[in-house]
Amino acid sequence: MEKSPGILFDEAFSHHEKGLLPEAEAGYRDVLATDPDHAEALHFLGVLLHQKGEFEAAIKSIRHADQLTPGNPTILYNLGVVLQEAGDFEEAEIPYRNVVELSPGHISAWVNLGNLLSDKGAHAEAIECHRNALKLQPDLAEHHLRLGTSLRRVGDIEGAMTQLGVALTLAPDDAGIHSALIETSPLEPGIDFQALAARTREWSRRHAPRDTPPFSGQSKSLEDDSPLRIGFMMTDQIHSLAPRILPPLLEVFQRDPTVYTVCYANRRLSCPRHERSRKASDLWQEIAEIPDGPLYQQIRADQIDILIDLAGHAPGNRLSVVALRAAPVQISWMGAFDGSGMAAFDYLLTDEILLPGTHGSVITELPIHLSRHFVAREAPSDAPPISEPPLGRQGYPTFGCLAPPEMISYPIIQIWSELLHRSPDARLLLVGKGMEDPAIRTRLAGLFTSQGVAPERIRLLQADSESDAFAACRHIDLALDPAPVSSYEGAFRALWMGVPVVTCPGDAPSSRLANSLLHFADIEGSMAGDWGQYIDLALHLVEEKSLLTEVRHKIRPLIQASQIFDHGSFADELLRRLREIHSHSQA
């Protein structure tokens, strides 16, 4: 007797629950062969196809199920999940919104919707989503983590640290939550380098082995002339510095037969820069689904001589694998400017401006001071020509800052307010992602008003891309580096458009990023020794239109003539230093 669609579905679903995906898929397809509009079979076939990574087919199947049974929160939620993982964030937002309207108690939908909104810069709505999830599950550390992350993005660092602290109290063994607190710490007003280092060491004390194990594998001998095998541990942060720096370096190494590169990507990454890295690496390993133990064994099997971590404490880091000593030599670079606090890292790759020799004793790692800027960049290909300073056409100076809202601290607002008081006609333009968000606008307007600055003197401009930031520079006479964390990308974009940058570096490397860039680009007269000098420099540089015009047309050629874009010589020095370190480790 032929089985009914209901019995076939029950059998397929049972296989699915047991993880028998081929049998489950065959069963769901048998159901649909008999009943093409069987909503449950379409739904769970879509879920299964998503598990296999077949996103397009999964979306088609779940959409069909949704059309047959509209308003089903479970189907809508799974549609949102697949769309989100497929990278279609705008479309994913729609079913998530429908779910929370139909089922306000659906915690996961609130969380995912909050994450999507936060990523696109709709922070006020994201905060509300995470608060709703927290009301439903007040003792779950993850909700405090998500809320803390969203509060950080609007610049509420005190609120962020409070939520992250609560999350860590609820889940003291959660290394990821503790990493989020470490990553937020440099933004805390008044914190110094020593305190930052102490916090990273506390992370290591809690989450890394008490005694870092020595590398126990078979290391390459000094007589071995096989290629030096370099591994790069990558996180999923598309907008971090590493994806901009790594591709051209890998392309140089690709032409060198004495080097073999392996990239460990902690997510299916789809941005163009990651695709370049994939093509330029000798081996590309997707590691998001690999637990720490097997990943440790994989790195060992790949016979990595030097493992370079690019993530630090950023979301998606795999510091727990680094702590197991997966390679004979382990180096931190770009992800943890202020040091990792981990004894498992042997070295920190930096430069003398970012981490002066006198500060090296603060960190756990041994600093590798390059004789040049700590990275080599690529010249932007889509930047517009240099424009004239807006002072000439407006009759008043416009200061600007290109930085995310989280970098605009209350102390720097106090400094900028004093600057505006001393230049009564001046305006301030703040450029960054999320600047249109109501929560950010309210915070910034309130803080400047509290310092006696009229609202019409402050303008906020949304910039979702590098092109947007470049375009905004035509409205800025002088760029102001924020504090306590320096805006490296903001400084670079301003300089590339000919806009001079004023910075006041502190002790921590995270406060010295623009300082390093200016130094190695041979741009003088923009680095202040204290905040009084910072204001004086800014006022001096906007005093005369002719001076601004002269400076504006000199800056890009200065950067172009510097070593900052010389990937060949950077790769040569880096490789020489890595070989020295590797030889030393074998001696």
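Residues numbered from 1 in each chain as written. Predicted model: local features only at pLDDT ≥ 70, side-chain atom pairs only at ≥ 80, totals over all residues. Heavy atoms only, no water.

1. Quick look at the overall build of the chain
Piece 1. Broken down by element type, the chain carries 25 helices and 12 strands.
Piece 2. For 587 residues, the compact-globule formula gives about 25 Å, and the C-alpha radius of gyration of the chain, at 26 Å, lands near that figure.
Piece 3. Dimensions of the chain, computed from the C-alpha atoms along their principal axes, are close to 95 × 65 × 45 Å.
Piece 4. Taken across its 587 residues, the chain has 55% of its residues classed as buried.
Piece 5. For the chain, long-range pairs separated by at least 24 residues make up 67% of all intrachain contacts whose partners lie at least 6 apart in sequence.
Piece 6. Of the roughly 24,600 Å² of accessible surface on the chain, a fraction of 51% belongs to carbon and sulfur atoms. (Helix = DSSP H or I, 4+ residues; strand = E, 2+ residues; numbered from the N terminus. Rg over C-alpha atoms; globule rule 2.2 N^0.38 Å. Buried < 20%, exposed > 50% of the residue type's maximum accessible area, 1.4 Å probe, protein only. Contact = heavy atoms within 4.5 Å. Areas by Shrake-Rupley, 256 points an atom, 1.4 Å probe, with all protein chains shown as cover.)

2. A short note on the layout of surface pockets
Piece 1. Size it by volume and the second largest pocket reaches roughly 410 Å³.
Piece 2. Around the second largest pocket sit 27 residues that line it, and A483, P484, G506, S511 and W531 are the ones nearest its centre.
Piece 3. Mapped by element, the contributors of at least two residues to the lining of the second largest pocket are α12 (193-207) and α18 (410-422).
Piece 4. Ranked by the residues each element gives to the lining of the second largest pocket, the list is headed by α18, at three residues.
Piece 5. Across the lining of the second largest pocket, the residue classes tally to 15 nonpolar, eight polar and four charged. (1 Å grid on protein atoms, 1.4 Å probe; cavity = no way out; pocket = protein on both sides within 12 Å on 5 of 7 lines; lining within 4 Å. Points joined across faces, edges and corners; volume = space filled by probe spheres on them. Nonpolar A, V, L, I, M, F, W, Y, C, P; charged D, E, K, R; others polar.)

3. So, the pattern of salt bridges
Piece 1. For the coordinates displayed, the defined rule picks out 29 salt bridges.
Piece 2. Here E202 ties to R205 by a salt bridge, and the two come within 2.8 Å at their closest N and O atoms. With E202 and R205 both in helix α12 and three residues apart, the pair spans about one turn of that helix.
Piece 3. Residue class for R205 comes out partly exposed when judged on its relative accessible area of 45%.
Piece 4. E550 serves as the salt-bridge partner of K554, at 3.0 Å between the closest nitrogen and oxygen. On the criterion of helical spacing, the pair formed by K554 and E550 is a turn pair, its members being four residues apart in helix α24 (residues 545-561). (Salt bridge = Lys/Arg side-chain N within 4 Å of Asp/Glu carboxyl O.)

4. As for the sheet that holds strand β12 (residues 501-502)
Piece 1. A sheet is described by the order of its strands in space; here five strands give the open sequence β10-β9-β8-β11-β12, paired in parallel fashion. Strand pairing shows two members of the sheet lacking a second neighbour, β10 (458-462) and β12, which therefore form its edges.
Piece 2. Pairing geometry for strand β8 (residues 398-402) and strand β9 (residues 427-432), over five bridges, is parallel. Across the sheet, residue G400 finds its bridge partner in β9, namely L429.
Piece 3. Set on the sheet, helix α19 (residues 438-450) makes contact with β9 and β10; between it and β10 the angle comes to about 160°. (Pairing = 2+ DSSP bridges. Axes fitted to C-alpha atoms, helices over the stretch in contact; angles between N-to-C directions.)

5. Considerations on helix α9 (residues 141-153)
Piece 1. For α9, which comprises 13 residues, the first-to-last C-alpha distance of 19 Å matches the rise-based estimate of 18 Å (1.5 Å per residue) to within 8%.
Piece 2. By the burial criterion, the buried members of α9 are A141, H143, H144, L145, L147, G148, S150, L151 and R152.
Piece 3. Check the buried side of α9 and you find it contacts α7 (107-119), α8 (123-136), α10 (157-170) and α11 (175-184).
Piece 4. Looking one or two residues beyond α9, the residue adopting positive phi is G155, at roughly 95°. (Expected span 1.5 Å × (residues − 1).)

6. Examining helix α21 (residues 488-496)
Piece 1. For α21, the buried fraction is high: nine of the nine residues fall into the buried class.
Piece 2. Residues Y488, E489, G490, A491, F492, R493, A494, L495 and W496 constitute the buried set of α21.
Piece 3. For α21, the side-chain oxygen to backbone nitrogen distance between the N-cap and G490 is 3.2 Å, and the N-cap itself is S487.
Piece 4. Phi turns positive, to about 85°, at G498, one or two residues after α21. (Polar contact = N/O pair within 3.5 Å; in protein donor to acceptor, adjacent residues only side chain to side chain.)

7. A few points about the packing of aromatic side chains
Piece 1. Following the criterion strictly, the structure yields 12 aromatic pairs and no others.
Piece 2. Between the aromatic rings of F492 and W496, the centroid separation amounts to 6.3 Å while the plane-to-plane angle is 15°, which identifies the pairing as stacked. Of this pair, F492 and W496 both sit in helix α21, separated by four residues, roughly a single helical turn.
Piece 3. With a relative accessible area of 0%, F492 lands in the buried category.
Piece 4. Connected via pairs of aromatic rings, a cluster forms that spans F9, F13, Y28 and F44.
Piece 5. R377 extends its terminal NZ or CZ atom over the ring of F492, reaching a point 3.8 Å from the ring centre.
Piece 6. If you follow R427 out to its NZ or CZ, it ends over the ring of Y396, 4.7 Å from the centre. (Phe/Tyr/Trp six-rings, centres within 6.5 Å; stacked < 30°, edge-to-face > 60°. Lys NZ or Arg CZ within 6 Å of the ring centre and 35° of its normal.)

8. Describing the pairing of β8
Piece 1. When you tally the buried positions in β8, you get five out of five residues, the bulk of the element.
Piece 2. The alternating pattern of β8 places T398, G400 and L402 on one face and F399 and C401 on the opposite face, and all of these are buried.
Piece 3. In this region the chain leaves β8, passes through α18 and returns to the parallel neighbour β9; the handedness of that crossover is right-handed. (Right-handed = clockwise from strand over helix to strand, strands pointing away.)

9. A closer look at the sheet that holds strand β7 (residues 366-370)
Piece 1. Spatially, seven strands are ordered β3-β2-β1-β4-β5-β6-β7 in an open sheet, and the strand pairing comes out parallel. Two strands in the sheet have a free side with no partner beyond their single neighbour: β3 (283-286) and β7. Pairwise comparison of adjacent strand axes, ignoring direction, gives a mean angle of 25° for this sheet.
Piece 2. By the bridge criterion, four bridges tie strand β1 (residues 228-234) to strand β4 (residues 306-309) in an arrangement that is parallel. Each bridged residue has a counterpart across the sheet, and for M233 the counterpart in β4 is D309.

10. Observations concerning the environment of L495
Piece 1. Inspection of the secondary structure assignment puts L495 in helix α21.
Piece 2. Residue classification places L495 among the buried positions, given a relative accessible area of 1%.
Piece 3. In the structure, L495 is positioned 454 residues away from A41 in sequence and 57 Å away in space, judged by C-alpha atoms.
Piece 4. Residues contacting L495, with those up to four places away along its chain left out, are V501, L517, L518, I523, I555, R556 and I559.

11. Focus on the packing of α9 against α11
Piece 1. Axis separation between α9 and α11 bottoms out at 11 Å; the angle between their running directions is 20°. Classified by the interaxial angle, the pair formed by α9 and α11 is roughly parallel. Where α9 crosses over α11, the two elements pack in a sense that is left-handed. In contact with A141, L145 and R152 of α9, α11 contributes I177, A180, E183 and T184. (Parallel < 35°, antiparallel > 145°, perpendicular 65-115°, else oblique. Left-handed = near helix turned anticlockwise from the far one by under 90°.)

12. Notes on the nonpolar core
Inside soluble globular proteins, nonpolar side chains tend to come together where they are buried.
Piece 1. One finds F232, I331 and W333 to be the most contacted residues of the largest nonpolar core, which totals 69 residues.
Piece 2. Within the second largest apolar cluster, 56 residues are counted, among which are L145, L444, L447 and L548. (Core = buried A, V, L, I, M, F, W, Y, C linked by side-chain atoms within 4.5 Å.)

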